[in-house]
Structures are given as structure tokens and as C-alpha cells.
Amino acid sequence: MTDAQPEPRQESQPVPQRWTDRRWRVVVISLVPVLLLAALLGFGLGRNPRATPQAQLIGKPAPDFALKDMHTGKTVHLSDFRGHPVVLNFWASWCVDCSVEHPNLVGAWQRFGNEGTVFLSVLYQDTPAGAAGFCSKGVVCEWPDLYDPGGRTALNYGVTGVPETVFITPDGRIAAKQISVASYPLIERRIHQMAGERA
Amino acid sequence: MASVIGTFALFLALAVAAYGAVASFVGARSRNALMVESARTTAWSLTALVLIANVTMLVAILANDFSLRYVAENSSRETPTFFKVLALWSADQGSLLLWNLVLSGYLLAVAIRFRRRRPETFPWALGVMYVVSAFYLLLVTVATHPFGTLARAPRDGRGPLPLLQNHPLMAAHPPMLYLGFIGMTVPFAFGMAALFTGRLSDQWIRITRRWTMFAWVCLTAGLFLGSLWSYSVLGWGGYWAWDPVENIALLPWLASTAFLHSVMVQERRGMLKVWNLSLIVATFGLTVFGTFLTRGSILSSVHSFAQSAVGPMYLAFLLIVLCAGFGLIAARSKQLAGESHIDRLVSREGVFLGNNILLAALTFTVLIGTVFPLLNEALTGTKVSVGGPYFDRTAAPVMLLLLFLMGIGPLLPWRVGSARYLLQRLKWPVWAGALTIAGMVVTGVRHWAAVAAFGLAAFVGVATIVEMARGVRAQRRAFGGGVARSAFGAVSRNRRLYGGLVAHLGLVIVIVAITWSSTYASQKEVTLARGASTSFAGYELKYTGAAVRPEPQRTVFVATLQIIKDGRTVGVLIPSLNFYPSSQDPIGTPSISKGTPFNGFHDLYASLQTLAKKGTSATFRMFSNPGVMWLWVGGAVIVLGGIIALWPVRRRPPGAVPDVATTASEEPDRVEAEVTA
Amino acid sequence: MAVGIAVAALVAVAARGSAGPPTLQERVHDIAEGLRCPVCQNLSVADSPSRLAQQMRADIALRLRQGQTGQQIDAFFTAKYGRWILLSPAAGGIGLFAWFAPVLAVAAGAGLAWTIVRRKRRLAVAGVDGVDEMDDVAPVDDADSPKLTDSERREIQREIDRLDTDE
């Protein structure tokens with residue numbers, strides 16, 4: 001390309017093997033984009049492509065809602081619990097992981113429920129009948145179980161699936177959000193953190 | 001037992017491939033014919049071993065041998081035999097087995113094709129193919145373990161992913177794509193061989209022309225079958241979602257399309273040598289890149305296979321391929337100077353140059369769009385998405401420019417054309433385009449993009465047809481005979497030209513279909529009680545009820561929608577929801593009432609969203625997709641064009657014309673090259 | 001003439017704009033098309049059959065009825081799901097690189113081709129290339145061949161062209 005001389009029958013000549021500086025430069029320059037691409041892909045190897053971003057919610061005011069409690073029929077507002085840490089759990093009766101997670105929530109509720117921490121459940125893409133069926137099987141369903149028709153509260157909390165658990169500080173900010181099953185130690189730690197922030 | 005046989009066959013195949021690579025390179029370097037011959041015949045044993053591994057897996061699947069993890073996870077007793085066979089490539093490990101089989105098949109085909117007449121590049125190319133084969137065998141032996149066993153065989157398997165056992169097109173779409181992807185190894189291997197040996201004339205291009213064409217035809221067919229699968233299975237009413245996995249199949253297609261055009265410039269004018277080598281390295285690199293993205297779990301996509309440890313291996317291989325390819329090209333750049341120059345931009349090669357710039361720009365755009373989420377996260381730390389809106393807006397204008405060049409390119413002579421001459425030959429096409437645009441505006445069409453695309457399509461379509469007719473007329477003048485015979489004669493005299501024109505015509509049809517369906521599609525989401533109806537796209541659609549159809553491997557709920565036009569039932573749609581034991585969520589199967597000339601080629605398409613209360617009410621999504629069927633007609637025409645260009649020219653009596661491969665001598669025989677071309 | 005008609009027609013379309021204001025469903029579709037369905041792999045909210053996408057479409061419709069603009073709705077979903085929910089790169093910062101990728105690529109390709117073609121041609125004119133290829137075929141508008149009539153010239157061009165295109 002760089003040479004204007006016509007190449008008469010380069011096939012018949014032995015390939016010149018002199019690796020001049022200039023030639024090295026051409027090779028190196030041509031490989032820079034390749035290496036950049038490789039670095040980018042190498043970066044990609046170290047991450048989970050399916051993880052959904054959550055950072056945008058943390059520290060933001062938790063959106064208020066007015067949802068009907070399926071146990072009592074009363075309307076529950078998040079703002080009713082200002083001054084208390086809130087554990088807001090999104091769940092569904094068709095969700096296998098939710099039944100795995102439920103005992104952890106029950107344990108935490110038994111431990112912290114009397115100490116001022118509020119537990120709320122929001123039904124996600126499910127019917128009240130489904131929820132009732134879940135609770136009828138001798139499962140502890142003591143705290144308010146809220147019905148969210150149209151899933152607008154779930155959208156407000158950026159929910160993509162169940163179970164998801166949102167931890168809300170006493171002054172009404174989102175402290176953390178747990179995607180998938182929340183273990184008992186995790187719930188305990190989050191509640192302590194929220195209590196510590198208040199102190 | 002199956003595990004032992006399969007694993008053993010794969011390890012042996014890896015050893016054989018490694019031997020083949022070493023023997024090829026050493027034989028080529030030391031000019032040891034015996035060693036090269038040994039490397040050549042090794043292709044037989046390699047293919048046999050990989051075939052044994054594939055057959056072992058297939059037998060295990062058919063025999064319900066659930067002690068193999070792959071069988072337990074991807075098949076079940078109730079899976080119909082047809083889908084059991086497809087289970088061979090419906091998951092990561094199995095599909096890599098098939099990949100290896102196709103690759104060794106190509107290797108064997110090359111070994112057979114050049115058994116007697118061997119260009120000097122042959123042993124090097126063979127070596128490159130062995131190296132590629134060894135890499136993919138290394139993947140299956142070291143990383144993915146397709147023949148891994150379970151400590152205790154379950155009584156029954158999980159069955160294939162529901163989505164993948166829902167449509168018979170799964171039988172054709174992946175193998176076609178694989179034939180296309182892997183076929184690009186052949187021109188890449190010969191290009192690399194040309195770089196190794198310093199035989200940098202267009203010899204490697206002429207040797208591999210029909211191989212490239214074959215791979216390209218398969219890739220094209222695979223892409224269109226994939227879009228047809230997407231349309232018939234996924235139930236969202238569309239055929240192309242700019243999903244990363246679709247993009248990574250499109251990328252090598254774009255690069256190889258550019259390659260098919262630019263090699264002609266090198267063959268005719270001895271120019272663009274660096275460019276052609278770069279394109280084939282890029283094409284092959286993009287196939288590796290594509291498999292890397294889908295299997296290495298880099299980007300989230302419909303097709304992403306399960307997480308596996310193959311990512312770093314792919315990355316290393318990709319790095320080696322690109323560094324070796326581009327590095328060698330750069331090192332040889334002095335010897336790759338063009339033999340002539342472009343006299344005028346208004347000429348065939350000038351248009352090819354423009355076509356290549358645009359195709360390269362399109363490839364670059366799609367590539368950037370596909371990896372942009374990674375780039376953004378690497379540089380700013382935030383996750384972003386890139387989807388339809390971006391690709392539609394950036395790719396469409398480039399595509400329309402390409403379409404324009406496609407119209408004028410074939411009308412221009414090589415080397416010298418002139419604007420006046422061009423305008424004279426463009427008289428009819430320009431009128432066709434102008435009248436189309438004017439007609440659409442008069443009839444009240446208001447989408448300017450659609451008007452422009454249709455006008456351009458008419459222009460290119462007429463230009464292409466006029467060009468074909470001109471050839472047929474010339475043939476008739478020269479040899480007499482009927483139109484059909486003349487057409488046949490013209491085509492068989494110059495398959496490459498007419499194959500190209502037919503493919504262009506196919507692409508025009510595709511553009512029309514895409515514009516038509518994307519501009520005029522409409523959709524509606526509606527819940528209907530049994531017996532209720534809704535009006536949609538000029539029809540009355542009535543929900544008459546649902547039925548349950550138990551099948552061995554699944555339970556199917558079918559809802560029936562009557563299509564009523566002017567009080568008469570003109571058809572039914574029967575979308576269904578399929579419940580598989582292995583999956584929580586049902587998989588819908590849409591139902592399509594194909595368009596006919598009598599209803600303006602409107603596809604009516606319905607998918608069932610939910611069924612409530614034992615079918616007393618059902619929620620449907622309905623789509624009216626006008627013109628979408630032309631997409632696959634156009635695809636078939638493109639493939640036909642490719643096949644015409646690919647079809648072997650009938651050989652003259654032996655001795656009259658030497659075989660291409662014999663022209664390993666320095667002087668490429670132009671006349672002969674063009675006969676075989 | 002023909003080009004004139006085409007241009008006039010296109011201008012007419014551009015000037016008149018699209019017919020009528022879009023319906024609510026069309027507006028929902030337009031907004032949903034730009035949003036990623038969070039539970040799908042690369043389907044837009046408009047295309048996805050998933051339950052969440054259904055709810056998002058309903059939410060968009062509700063917000064439109066409440067008088068929110070498309071930008072406000074995008075902002076809402078971005079606040080809840082992150083920048084990730086939008087299917088187009090930002091029109092600023094590094095996003096500009098993505099948007100201008102095709103323009104950059106075409107410009108770079110054309111620039112490169114142009115410099116190479118020009119240099120080659122200059123060298124050819126200077127006789128360095130050694131092969132003078134300009135005089136064996138005459139273009140049709142070659143002013144050096146005035147003795148030919150137009151039809152003769154066309155005939156010659158056709159013959160040359162035949163030779164070329166028929167390989």
C-alpha cells in the first residue's frame with residue numbers, strides 16, 4: 001500500500017524476512033484495535049450479564065403507596081410507618097423461591113416484629129385467591145399482605161421478579177434491596193444497619 | 001459406556017487434529033510431500049472420530065441414557081423422537097459437538113477436493129484448518145465435557161428447553177447457520193496460507209470462491225430461517241429484535257457480503273489485496289466472536305447458553321486469530337500493493353469500493369451497538385441497553401445508500417463509466433422510482449421513510465430487471481431461440497453475474513417486505529369472553545372457546561379465534577399455550593393466517609397470553625403484519641441467486657481447460673479463471 | 001424530470017407531515033418500543049408478551065392519560081430501573097460515539113479510499129505505475145473522438161460493456 005513501485009511477480013521471489021523497525025511499527029499499530037477489543041471482552045468476562053442494576057434506588061425516598069391488606073381489608077399506607085424500619089417483601093404464591101424464603105421472614109418477624117420493625121408483603125402478579133391458598137397451608141401469614149392490582153407499586157420499586165425485598169429506613173429512604181431469596185442473617189444484618197443509622 | 005466412547009473419541013480426535021496441524025506445517029515448510037499427504041489423509045480419521053462422538057451422543061439420547069448429564073438435562077422419555085434428534089444441538093455442549101462435526105466435514109471436503117491438484121498454499125491452509133479444529137476439540141474435551149456423567153442416573157430427563165422443542169424449524173436453522181459460520185474457515189485458511197507463503201495474487205481467492213459462496217448461501221439461509229423461526233415461535237409478532245445473537249449472525253454475513261464483492265475487484269483489477277485479506281480475517285474473527293458472545297456469557301440474549309468456563313478460551317483464540325491475521329497482513333503490506341488503480345469513481349470498481357465502505361460501516365455500526373453496553377460499563381460503570389431504536393435509526397440510512405449503489409453498480413462497466421452513460425441507462429429505473437414515489441404520495445401515504453424506501457426499491461428492482469433483460473436480449477440476438485432458452489443460455493454463460501442480479505432482486509424484495517411490514521403493522525391486546533368478538537385490521541375476530549390437548553411431553557391449551565369478514569367466516573386462528581413439566585411458565589405458540597394476494601398479503605397473527613377460568617375468557621395479542629411473507633420469499637430468492645452463482649459450470653472435455661487448482665504456477669490464467677468463475 | 005417528480009413528492013410528504021394525531025395506543029406503543037422489558041432478553045416492552053411488560057404498557061397508558069409526556073415516562077422508568085431500561089444510547093457523552101459510529105465509519109472509509117485513489121492516480125499520471133491503462137478503452141463522453149456519431153458511440157460503448165459484464 002505504501003509502496004508505489006509495481007510488484008512484478010512477487011510470487012516468484014523468496015519472501016523477504018527482514019523485520020525492520022518500520023515493519024514492526026506497522027504490525028503493532030494494526031494490532032492496537034485488536035488488543036482494545038480483547039481488553040473490552042476480557043472485562044465482559046468478569047461480569048454477570050443478567051444482573052439488573054439496582055443502584056438507582058438506593059438512598060432514594062421510598063415511594064408511598066395505598067394498598068389493601070388482604071387479611072383485614074384495610075388500606076395500608078407506607079407513610080403510616082414513618083419512624084419505623086420497614087421490610088417490604090414482594091412475593092407470589094406461584095414462586096418456588098418465595099416459599100423457600102418465607103421461613104426466614106417469619107423468623108425475622110418473630111425476632112424484630114416486637115421491636116418496632118414493620119413487615120409488609122406485596123403480592124406480585126398473583127391473585128388474592130392464590131395468596132389465600134398459600135396461607136391456608138399452616139403457613140404463618142401474620143403481617144399485612146398487600147394486594148397490588150396492576151403491579152404499579154412493584155413498578156415504583158423497580159421490581160423485576162419475586163422474591164425481592166426492600167429495606168426502608170425509619171425516615172423513609174430505601175436502604176437496600178435484595179434480589180432473590182433473603183436469608184435470615186441478611187435480613188438481621190439489614191435491620192441492624194437501619195437501626196444503627198437511626199442511632 | 002457412551003461416556004467412555006464419546007470422551008475417548010474426542011480426545012483421540014484432538015490428538016489427531018494436533019498431529020494434522022504439525023504434519024501440515026512441517027510438511028509444507030520442508031516440502032515433504034509424504035508428510036503433507038499423511039496430514040491430508042488424517043482428515044479421514046479426524047472426521048470419523050468426531051462422527052463417532054456425535055453418533056454416540058445421538059444414540060445415548062435416543063436410548064434415554066440418562067446417566068449422561070447432557071441427556072438428562074436436554075431430553076426425556078416423553079420427548080418425541082424428532083425433537084430428541086434436535087436435542088443434539090439444543091444446548092451448549094451438544095451444539096459444540098455438531099460444530100466440530102461440521103468443521104471436520106469441511107476439513108475433509110478440502111482434503112478430498114485437493115487430493116490430486118495441490119496449489120502451494122494447500123498444506124498451509126490444511127494446517128490452519130487443523131489448528132482451528134484442534135481449538136474447538138480442545139473446548140469440548142477440556143471445557144464443556146459433553147459426555148459428563150451423573151453419579152446416579154435419574155429415572156427421567158428434564159427434556160429440551162420448551163422454546164427449542166416447539167417448532168420443526170429448529171431442525172434446519174442452527175445447522176444452516178453452522179454451515180455458514182464454519183464454512184468461512186476455508187477462505188480464511190487459504191488467505192492465511194497465502195500470507196504464510198507469500199503467494200499473494202488472487203489465487204487464494206479463486207481457489208476458495210465457491211467455498212465462500214457456499215458458506216455465504218448457508219449463512220443467508222440460516223439467517224432467514226432464524227427470522228422465520230422467531231416469527232413462528234416467539235409470539236411477539238416480529239421476526240428480528242436486534243438481539244445480540246441475531247447481530248452476531250448478521251455481522252459475518254455483512255463482512256462476507258463485502259468480501260464477495262470486493263474480491264471481484266481484485267480478480268479483475270488486482271486491487272484491494274490488503275482489504276480482501278482483512279475482510280476474510282474479520283469475517284472469520286466475527287464468527288469466533290459470535291460464538292464467544294453466545295457461549296461465553298458476555299451479553300444477555302435470548303440464546304445465551306448456560307454459563308460455562310469456555311469464555312477465556314474463546315477470548316484467547318480470538319486474540320490469536322486476529323493478531324495472526326492482521327499482524328501478518330501488516331507485515332506483508334509492502335508486497336500487497338495494488339497492481340493498478342481506480343481510473344474513475346464512476347465505474348464498477350468504484351461502486352464496489354463504495355459498497356464495501358458502506359458494508360464495512362454497517363458492520364462497524366452493528367458491532368458497536370452490540371458491544372456498546374460493555375463499552376459503556378467499562379468506561380462509566382453504568383449498565384445500558386442498546387436495542388431496536390438505535391439499530392433502526394443508524395442502520396437504515398446506510399442500508400438505503402447500499403440499495404442505491406446496488407441499483408447502479410451492475411449497470412456500470414469496469415474501469416470507465418461516465419455520468420452521461422449512466423443516466424442514459426438509468427432512464428427506466430429512475431422513472432419507476434419517481435412514479436412509485438409520486439403514486440404513493442398521491443394515494444395519501446405519509447411515512448416519508450417508507451415512501452423513500454419503496455421508491456428506491458422500485459428504482460433498483462427495475463434497474464436489475466432491465467439489466468437481466470438486456471443480457472437475455474443480447475443472447476437472443478447472438479444465438480436465436482426462445483426467450484426461456486435465451487435466458488437459460490445467458491445465465492449459464494455467466495452464472496456469477498446473473499446469480500448476483502438475482503440475489504440483488506431478492507434483497508430488493510426483502511427491503512420492501514421490511515419496510516412494508518414495519519410501517520403498516522398494527523397490534524392489539526384484548527381480553528375476550530367466550531363468544532365475544534373484537535374488530536381488528538378490517539376483520540371481526542371471535543373467541544369461540546378453548547380446548548385442552550394432552551400430549552405426551554406437554555399439555556396444550558388451544559384457543560380458537562374465528563376470522564370473520566363481512567359476516568362470513570374466512571378462517572380460524574388457533575394460538576395455544578403449552579405447559580411443559582420442566583418449566584413454570586407456559587410457552588405460547590402463535591397462530592398465523594398467512595396473507596394472500598386477495599387481502600393485500602396481510603398476515604393475521606395471534607398469540608394467546610392467558611386463559612382465565614377454564615377458558616371462559618382469554619387474553620390475546622393480535623398482530624396485522626402486511627407484506628411480511630415477502631421477507632422469506634426475498635430470502636429464498638437471495639439464496640437462489642447464490643446457488644446460481646455457485647452452480648458448477650459444466651466442464652468442457654478433459655484437457656480443454658485446466659483445473660483452477662493446477663494453476664499453482666505464478667501466472668494466473670485469466671481466461672481459465674473466468675471460465676471456472 | 002423523473003428525479004424532479006420524486007423530489008417534489010418527497011418534499012410534499014415532508015411538508016404535510018403525518019396524518020392526524022396518534023391514538024393513545026400508538027403513543028403507548030411508541031414509548032414502549034424504546035423501553036427494555038426488564039425480565040426479557042432484549043425484547044422491548046412493546047414487543048414482549050411477558051406479564052411485567054403488559055403491566056408496564058398499562059402503566060404507560062395511565063400516565064399518558066394523566067397528561068405525562070413521553071420524556072417524563074422515560075424518566076420515571078429510568079429512576080426505577082436505571083439507564084439500562086432505555087434501549088437507545090444517551091444522546092451525549094460516550095453515547096454520541098455510538099450514534100455517530102456509522103457516520104464516522106463512512107467518513108473514515110471514504111477518506112482512506114479517496115487518499116489512496118488520489119495518490120495512485122497521481123503516480124499513474126506521473127508514469128510511475130508503468131502501465132498506461134487510460135488509452136485502451138475510451139469512455140463514451142470522450143471528447144477526443146468527435147468523428148463518431150452518437151449512435152456509433154453508444155454502439156461501441158455497448159460492445160465494450162458487453163465484453164466487460166459478460167466476463
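A quick note: this is a predicted structure, and the numbers were derived from the prediction, not measured.

The rules we used
- Residues numbered from 1 in each chain as written.
- Chains lettered and ligands numbered in written order.
- Predicted model: local features only at pLDDT ≥ 70, side-chain atom pairs only at ≥ 80, totals over all residues.
- Helix = DSSP H or I, 4+ residues; strand = E, 2+ residues; numbered from the N terminus.
- Buried ≥ 20, exposed ≤ 12 C-beta atoms within 10 Å, placed from the backbone.
- Contact = placed C-beta atoms within 7 Å.
- Core = buried A, V, L, I, M, F, W, Y, C linked by C-beta atoms within 7 Å.
- Pairing = 2+ DSSP bridges.
- Right-handed = clockwise from strand over helix to strand, strands pointing away.
- Axes fitted to C-alpha atoms, helices over the stretch in contact; angles between N-to-C directions.

Q: What is the right way to look at the overall build of chain A in this model?
A: Scanning chain A for helices and strands turns up five helices and seven strands. In chain A, the succession of helices and strands from N to C terminus is α-β-β-β-α-β-α-β-α-β-β-α. A buried classification covers 31% of the 199 residues belonging to chain A. By sequence separation, contacts in chain A at least 24 residues apart represent 74% of the contacts at least 6 residues apart.

Q: Please explain the environment of Leu319 of chain B as it appears in this structure.
A: Relative to the helices and strands, Leu319 of chain B resides in helix H12 (residues 311-331). Among the residues examined, Leu319 of chain B registers 20 C-beta atoms within 10 Å and is labelled buried.

Q: Any chance you could explain the nonpolar core here in plain terms?
A: Across soluble globular proteins, nonpolar side chains have a tendency to be buried as a group. Residue and element names in this part refer to chain B. Counting residues in hydrophobic clusters, the biggest one holds 278 residues, and the most contacted among them are Ala13, Ala193, Leu318 and Ala457. Setting aside chain neighbours within four positions, we find Leu318 in contact with Gly285, Val288, Phe289 and Phe292. By size, the runner-up hydrophobic cluster in this structure holds 19 residues, among which are Phe536, Ala546, Ala559 and Phe620.

Q: What exactly am I supposed to notice about unusual backbone geometry here?
A: Leaving glycine out, the prevailing phi sign among residues is negative, and the prevailing peptide bond configuration is trans. The linkage connecting Val162 of chain A with the following residue, Pro163 of chain A, adopts the cis geometry, with an omega of -5°. The residue Pro163 of chain A is located in the loop between helix H4 (152-156) and strand S6 (164-168) in this model. Phi is positive for Arg31 of chain B, close to 50°, though the residue is something other than glycine. Turning to its location among the elements, Arg31 of chain B is positioned in the loop between helix H1 (2-29) and helix H2 (33-62). Judged by local crowding, Arg31 of chain B falls into the exposed class, with 10 C-beta atoms found within 10 Å.

Q: Hey, could you run me through the pairing of strand S3 (residues 86-91) of chain A in this one?
A: Each regular strand carries side chains that alternate between the two faces of the sheet. Residue and element names in this part refer to chain A. Counting buried positions along S3 gives six out of six residues, so the element sits mostly inside the fold. Here S3 shows a buried face lined by Val86, Leu88 and Phe90 and a second buried face lined by Val87, Asn89 and Trp91. In the sheet, S3 pairs with strand S4 (residues 118-123) via six bridges, with the strands oriented parallel. Note that in S4 the partner of Trp91 across the bridge is Leu123. Traced from S3 through helix H2 (residues 96-112) to S4, the parallel crossover comes out right-handed. Sheet topology places S3 next to S6; five bridges connect them, and they run antiparallel.

Q: Would you explain the sheet that holds strand S5 (residues 145-147) of chain A in this entry?
A: By way of backbone hydrogen bonds, the strands of a sheet pair with one another, either parallel or antiparallel. Residue and element names in this part refer to chain A. With mixed pairing, the seven strands of this open sheet are ordered in space as S2-S1-S5-S4-S3-S6-S7. Every other strand in the sheet has two partners, leaving strand S2 (75-77) and strand S7 (174-179) as the edge strands with one partner each. If you compare each strand with its neighbour and ignore which way they point, the axes differ by 30° on average.

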